[in-house]
Amino acid sequence: MAGAAKQDFDAIYKQPTPVAFNRDIMQSLSYVCDDFTRQEFDRLLLPLVSQLKQPFNVIDVCCCYGNTTMALVNGMTVSEIRENWKDEAACAKVTHKRRFDCKITGIDISESALNYCTSSGIMDATICADLNAPSGVSTVLPAVRSASLLISTAALVYLSVETVDRMVREFASGEGPGYCIVNFLNPFKPEKTDEMKRILLKHLGFIGSRASRHRKLSDHEKTTFTEYGDWALLEIWVLQRGYCKPQMDTQAQAYYDSADAFNFYRTVWGSEAAHVGIYDGDTEAAELGPERIRLASVKAMEKLTSKVVPRADMRIMDMGSGYGHTARHFAKNYRSFVSCVELSTKENELNRQLTEEEGLSNLVSVPSERSFTSTGEKSSSFDAIVSEDSFCHAAGTREREKAIAECARLLKPGGVLVFTDIMQSETCNQAELAAVYKRINLTNLGSVNQYKQWAQENGLLLMDFEDLSQQLPVHYSTVRSVMMAKKDAGELTGLISDDWMNNHAEGLQEWVNQANQKHLVWGYFKFCKPKTLGEGHSTSAPRYRELPALPSNSIKAAIVSAAGQLGELDTRAGPGCLISLGNSSIIAHLLVQLQHAGIERVLVQCGYMGQKIEESIRRTLPSEVHKKLEIQFMQLGTEWHLGHACSLRATKSFFKPDERFLICMANHIFDPSLVRKMACVPLEAGAEGAYALVETDFVGMVGVPASIIKLRLDRQNLEDVRAVQISTELMASESSDGVCAGLFACNWSVFDKVEALASSEAVFFTMADVLCGYVQSYPSNLHCIPTDKKVWFAAETKDTLAYAISNGLHDIGIITGDNKWLQDGAFDAEGKPIHVGPVGQAKYPGGSDWSSFSVERWRNAVYVTREYFGELCEETIKFIVEIAKQIKLRGEHVSLVEVGCGTGEFVYPIADHFRVAIGVDFNANFINFCMSQMKGDKMKFVHGDAAELVSLMKRTAPEHIWTDTKIVACVGNTMGIIPVWLKPKIYQQMKELAGPKGIVIIVYWNAAWFGDACQNFYHANPQLCGPFTGEAIDLSSTTLTTPPPVCYRSHWTGVEEARKILRENQMEEIIVEERGKGVLVAARVLPAANDDDLILFSAPTKPQSAICMQRKGYLTYFSCAYFFCCELNLTSAAIASVVLGQAAEAPLHCQQPLPKNPMFLSRSLAADLLVSIFHDEFEWTISRHTTQIGCCNGHNRNTTLTDAKKKQMKELAGPKGIVIIVYWNAAWFGDACQNFYHANPQLCGPFTGEAIDLSSTTLTTPPPVCYRSHWTGVEEARKILRENQMEEIIVEERGKGVLVAARVLPDSK
């Protein structure tokens, strides 16, 4: 594609301010990508950069005017950036503060854009450079190297390959953690984009990605990309630079690289083997000096060698290789290859020198400085790993644990880990070991039990531990004596400082003392990595019950898709389908089940780590299955990013047009009888249709992911149940009847559905979208096959694994006697055990376990809860939205804060009704999930404790909420599970946050339904709360407390108890009422009522302006007949007045007292009232003691009004008031021309088609009447509000009307 195909915006980029950029690109072309980039940054990088030492350096490459920096660093939405850049005055300074402390440098070729970035405060420094010139690249490299965050928005493809490679390589070589977020544009320069991606992956580690919209294509671009649609698309990539040294690694390196330490080990220790020695008669016979220590060290190394049993073809890693003595020993004496891992630069240099001198460089590899925890070597690539007294220098429990994990990763199956280490005893007093730690800059040491535990957790088997702690005091007293003797003899003068030696002598003596007191331990560990998964365990692959052979006309082929997007169980160890249950991976189980059911041919689509999937199947699938099942593999490369559905396109050539096949998800397994059932469905080859295996029994379902496909079913014909609606949304507005079980029967028509979606404008589509193609026909062509309570399993979350391991897969079609095949659990793709807790185990919010409660377990609970509480969920939403409308009609901004938001199920559907909706939860997993799912800029999620709600909001909430009216809500019985002692504090915090203007809303679960819930909710779903008996139920207090290990507690609240809670917490009741299974509460803290709240209308002073009453009567009568369905409901806390018609005419007055402080006053103006007054032209004088509502109803605005008359309504309403306008709906204009105007010429005069302007929806009748009427649509109504500087509250269609409520607030944005 020619480079000129993209619109040229160079003239815009040269402007001194971004006003033109905003107008001509951001607004005209609907530029939205910064919102998506910010969301991806917040999801993947914000938690990481928040941990960096601040301030840190940020680089924005090709920054232009800095809009992406504003989005990421300042947290601004596209709307906020547009507002900031709306004119020359507004764009002078960036309006939002930075979210973290950093120094930002912008790099661009446009000097004017860079000048703006610094003058506005977006950037701290800039570099003007042509990055495609070598001199320009050289200028920016130091800044790039020093950056901890690199930003580049859709710019890399415009740079040369050489430039990008130099810059990315320089960034990757920087010190400390570093992160990169870059964007790629489609459809521009796809080949160049691929080159850039390869460069990034060569130097940086991939974290995650996302596809989104960028902006609309220009007219010029549409002529080039004629088949691409309206939108340019965006790929957002997030990457990180390689291993960064932990602080402890740096301390260890500094210690061993110091001149004092280096010379000490060389001159006192007596050899290149600087580790603890074994002292016996031979060593004691040697003269006291370095030779004695050398002999003891050699004996220690020989013992290590005997435990390794090296040979010529072995690959050995030496962790903490020091001067390379042990590495050269293995290479010289056994011809083994040894890779050295050492942090010390000096020791590595000496190691290389000595290795070269002995001619062993071909067998001993000494790379640059490396850490135990990140060696950069391939997994399963070493036969043995050795280490001598080095892990203690990892200095920190977590780092030692990671070192053992790295060893387990590197070992081949059957490989051994042999090491010695200096440890603290299990019973030591750490305070007494302070001097020991100080000698080598430590804060603690490992222990025997810790190493055993870490090894076990990483799948290593303990072969032996030989305790030789008695050698420690002998060794360190010998070392101390030799050092002091050399010092006294002057042999160390000029080599080691006196201060260092004196301090070291004290430290060594303390090591001797603590070793003699048995506070220190030293010995040899030997661990082995099992040769096969589950080695040493009693697991075995299950055997399945015999099934009848498939009929000849059955489906005999299948696609196994391992090409989905990454999920919770996909890790760097491997994809989730390679998790092993027993001795076989999940995908291997599936292939065995397919073959057992009678399938003969399978195509395995391989996505993430596809080669590893293929190798695993070829290596581990039983030979008898290989013989009976024809298996082909399709490696998708990077195309798997598009997911299961899009990947199906590649399988089309595998099947003939008249062939049918099953589609199975690779992380699912089934009772083989279910596979057989699906293979026998009556699907014709040429028919338009598909079959899905569907689970309709939700009782006992665990770990339901948000992405699961949910269905509503038509059961009129029980012999042929069909799906009529599909949703992947967990909180769909209507509860579902079933969920897809991951097994489908299809024919050639599925490829047509996929191709249709692929050729549409959809950036990404799912299997649910494909199946929708069948559901949209009438009748539906998606047939549903029930599971009939037979077992199937999807390994999508740790909760599903926990359930499977504990009790879920004991009968998945297996023979009697094999039901313990899974008793030893699950293993990841590298053979490490996967540790999962009991299903449903949790504590109350604020407890230690609640903070790590998994997202999927919670989403599963929500899903099951939705089944039982569906109506209450809808009632809750309506209840809160209605109250929000009341507040907005008072002329006030309203914001929402939800306490205990979970994963956002309540915030998402109602956020648009608030200025901002903030969800608060104690569980960081939930908040991270919410942030990744955010849509739009009206939502915010905050991790924190509700017991400190006010201070939490002061730190994190937008400043405007403190002037807004706040609704502070706690719904879904969150209060029912909070500990009793904590509730008063949370009530007080909610009340304090709401303030005297705000509303506190609490939704309890209704005590009247407690008994029913115990039976039909809790007992039916033990995965939520654990199993229990009647002893757990307290009917008198309506409280359920389940036994250990779950210990779940839930209290249900009645109306009177809710009122009592309000009184105890000094809140005034607004509403407390039962709504089915819920008790809905609204309360407030208000000052004493004021007499000014009495509203009076005074007597008229002028007569009504003239109007033809006969004509008005016609209008009233006929308008009522046509518009009767148009009813306007005005609901407000303080409706003061309704203002109609022209504001400059004589006023009409009346007198009417309204109730004092009416919280909810609802008036319905029916059509006959609206149309009877819609041509009246009045001005009412109104008391200014309360909120005014200026109302122009029944199409009065649609007649011609001067600007002055329009202005009067807004001025009369005032900054606290509401302007209400009811237009006639432009969508009904054509119908009205025929059935209203033309049918009633007495209203507007006779007319022909020439009087009708359909493009402007305006009727203009000829003389003598000259009647003109314009009908208004929703978007035009919004435009009118903007032009008249009014803020929208409500603009919506109601049948033949468009109802508008708006306001004017001072200093609002």
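Each value, and the rule that gives it
- Residues numbered from 1 in each chain as written.
- Predicted model: local features only at pLDDT ≥ 70, side-chain atom pairs only at ≥ 80, totals over all residues.
- Heavy atoms only, no water.
- Helix = DSSP H or I, 4+ residues; strand = E, 2+ residues; numbered from the N terminus.
- Buried < 20%, exposed > 50% of the residue type's maximum accessible area, 1.4 Å probe, protein only.
- Contact = heavy atoms within 4.5 Å.
- Areas by Shrake-Rupley, 256 points an atom, 1.4 Å probe, with all protein chains shown as cover.
- Axes fitted to C-alpha atoms, helices over the stretch in contact; angles between N-to-C directions.
- Parallel < 35°, antiparallel > 145°, perpendicular 65-115°, else oblique.
- Left-handed = near helix turned anticlockwise from the far one by under 90°.
- Nonpolar A, V, L, I, M, F, W, Y, C, P; charged D, E, K, R; others polar.
- Core = buried A, V, L, I, M, F, W, Y, C linked by side-chain atoms within 4.5 Å.
- Polar contact = N/O pair within 3.5 Å; in protein donor to acceptor, adjacent residues only side chain to side chain.
- Salt bridge = Lys/Arg side-chain N within 4 Å of Asp/Glu carboxyl O.
- Phe/Tyr/Trp six-rings, centres within 6.5 Å; stacked < 30°, edge-to-face > 60°.
- Lys NZ or Arg CZ within 6 Å of the ring centre and 35° of its normal.
- Arc of directions from axis to C-beta.
- pLDDT = per-residue confidence, 0-100.
- Pairing = 2+ DSSP bridges.
- Right-handed = clockwise from strand over helix to strand, strands pointing away.
- Disulfide = S-S within 2.5 Å.
- Expected span 1.5 Å × (residues − 1).

On to the overall build of the protein. Along its length, the protein carries 45 helices and 49 strands. Per-residue burial for the protein yields a buried fraction of 57% across its 1309 residues. Residue pairs at least 24 apart in sequence account for 75% of intrachain contacts in the protein once pairs closer than 6 positions are excluded. Summed over all atoms, the accessible surface of the protein reaches about 54500 Å², with 51% contributed by carbon and sulfur.

With that settled, the discussion passes to the packing of helix α15 (residues 290–308) against helix α16 (residues 325–334). Two elements in contact, α15 and α16, have axes whose closest approach is 11 Å; the angle formed by their N-to-C orientations is 55°. Classified by the interaxial angle, the pair formed by α15 and α16 is oblique. The chirality of how α15 crosses α16 is right-handed. Contacts from V298, M301, L304, T305 and V308 of α15 reach α16 at H325, T326, H329, F330 and Y334. Class assignment of the residues belonging to the contact of α15 with α16 gives a composition of six nonpolar, four polar and no charged.

Below, the discussion takes up the nonpolar core. Ranked by internal contacts, the top residues of the largest apolar core, which has 104 residues, are F41, W85, I880, F941, I967, I1001 and Y1018. No other element matches helix α31 (residues 855–889), which puts ten residues into this core. Once you skip the residues sitting within four places of it in the chain, W85 turns out to touch P18, V19, F21, N22, M26, Y65, N67, M70, C91, Y116 and I122. Ranked by size, the runner-up nonpolar core spans 59 residues in total, among them V338, L354, L363 and M501.

Moving on, we get to the side chain of N22. Mapped onto the elements, N22 comes out in helix α2 (residues 19–27). For N22, a relative accessible area of 1% gives the class buried. Within the local environment of N22, its side chain forms a polar contact with the backbone oxygen of R82, the two atoms lying 3.2 Å apart. Once residues within four sequence positions are removed from consideration, N22 is found in contact with Q27, R82, W85 and K86.

Applying the stated criterion across every chain yields a total of 45 salt bridges. Taking the shortest distance from any N to any O, the salt bridge between K303 and E466 comes out at 3.2 Å. One end of the pair, K303, is in helix α15; the other, E466, is in strand β13 (residues 461–467), with 163 residues separating them in the sequence. On the basis of relative accessibility, which here comes to 24%, the residue K303 falls in the partly exposed class. Residue classification places E466 among the partly exposed positions, given a relative accessible area of 24%. Connected via shared salt-bridge partners are K303, K307, D464 and E466.

This brings us to the packing of aromatic side chains. Counted by the stated rule, this structure contains 42 aromatic pairs. Considering the side-chain rings of Y1018 and Y1048, the 5.9 Å spacing of their centres and the 55° angle between planes classify their relative orientation as tilted. Linking Y1018 in helix α37 (residues 1010–1018) with Y1048 in the loop between β36 (1039–1041) and β37 (1049–1051), this pair joins segments that are 30 residues apart in sequence. The exposure class of Y1018 is buried, given its relative accessible area of 1%. Through a chain of ring-to-ring contacts, the aromatic side chains of F372, F391, F419, Y451, W454, F465, F525 and F527 assemble into a single cluster. The aromatic ring of W231 is capped on one face by R213, whose charged end is 4.7 Å from the ring centroid. The positively charged end of K753 is found above the aromatic ring belonging to Y774, 5.0 Å away from the centroid.

Before going further, it helps to spend a moment on helix α29 (residues 767–775). Those residues of α29 lying buried are M767, A768, V770, L771, Y774 and V775. Seen from one end, α29 has its buried residues packed into an arc of 155°, which puts them on one side.

Once that is clear, we can look at the packing of helix α9 (residues 161–172) against helix α10 (residues 190–203). Between two packed helices, both the angle of their axes relative to each other and the distance between the axes serve to describe the pair. As a packed pair, α9 and α10 sit with axes 9 Å apart at the nearest point and diverge in direction by 25°. In terms of axis orientation, α9 runs roughly parallel to α10. α9 and α10 meet at a crossing whose hand is right-handed. The segment α9 lies against α10, with V161, V164, D165, V168, R169 and A172 engaging K192, E195, M196, I199, L200, K202 and H203. Tallied by class, residues from the contact of α9 with α10 come to seven nonpolar, one polar and five charged.

On to the confidence of the model for the protein. Across the protein, the average pLDDT comes to 79, with 80% of residues at 70 or higher. Ignoring residues within four places in sequence, the model shows residues 837–849, a span with pLDDT below 50, making 36 contacts including any to other chains. Ignoring residues within four places in sequence, the model shows residues 1195–1202, a span with pLDDT below 50, making 29 contacts including any to other chains.

When a strand is regular, its side chains alternate between the sheet's two faces. Counting buried positions along strand β8 (residues 315–319) yields four of five residues, so the element is predominantly enclosed. Pairing analysis gives five bridges linking β8 to strand β9 (residues 337–341), with the strands arranged parallel. Note on β9: the bridge partner recorded for M317 is S339. For the segment spanning β8, α16 and β9, crossover handedness is right-handed.

Here we have seven strands laid out as an open sheet, ordered β32-β31-β30-β33-β34-β39-β38, and mixed in their pairing. Strand pairing shows two members of the sheet lacking a second neighbour, β32 (939–943) and β38 (1068–1075), which therefore form its edges. This sheet shows a mean twist of 15° between the axes of neighbouring strands, independent of strand direction. Relative to strand β33 (residues 965–970), strand β30 (residues 894–899) runs parallel, the two being bridged by five bridges. Within the sheet, the bridge partner assigned to V894 lies in β33 and is T965. Running at roughly 160° to β38, helix α39 (residues 1055–1064) makes contact with β34 (999–1005), β38 and β39 (1078–1084) of the sheet.

Our next topic: the environment of F9. Mapped onto the fold, F9 is located in the segment before α1 (10–13). Owing to a relative accessible area of 9%, F9 belongs among the buried residues under this scheme. Counting along the chain gives 16 residues from F9 to I25, while the straight-line C-alpha distance between them is 8.7 Å.

Our focus in this paragraph is the sheet that holds β36. Pairing is antiparallel in the open sheet, where three strands are placed in the order β35-β36-β37. The sheet terminates laterally at β35 (1033–1034) and β37, the two strands that pair on one side only. Where β35 lies against β36, two bridges are found, and the strand directions are antiparallel. Residue pairing in the sheet places I1033 in a bridge with L1040 of β36.

The full count for this structure, using the stated rule, is zero disulfides. No disulfide involves C901; its nearest neighbouring cysteine sulfur is the one of C930, lying 4.6 Å away.

A cis amide bond links P1263 with the next residue in sequence, P1264, at an omega value of 10°. Relative to the elements of secondary structure, P1264 occurs in the loop between β46 (1258–1260) and β47 (1268–1270). Phi at S30 takes a positive value of approximately 50°, unusual for a residue other than glycine. Notably, Q1285 is not glycine yet its phi reads approximately 55°, a positive angle.

So, on to helix α21 (residues 471–488). With 18 residues, α21 extends 26 Å from end C-alpha to end C-alpha; this agrees with the ideal 26 Å at 1.5 Å per step. Along α21, the residues that are buried comprise Q471, L472, P473, H475, Y476, T478, V479, V482, M483 and K486. Packing partners of the buried residues in α21 comprise α13 (259–267), α15, β12 (411–424), α19 (434–439), α22 (498–516) and β14 (520–528). Of the residues trailing α21, G490 is marked for its positive phi of about 80°.

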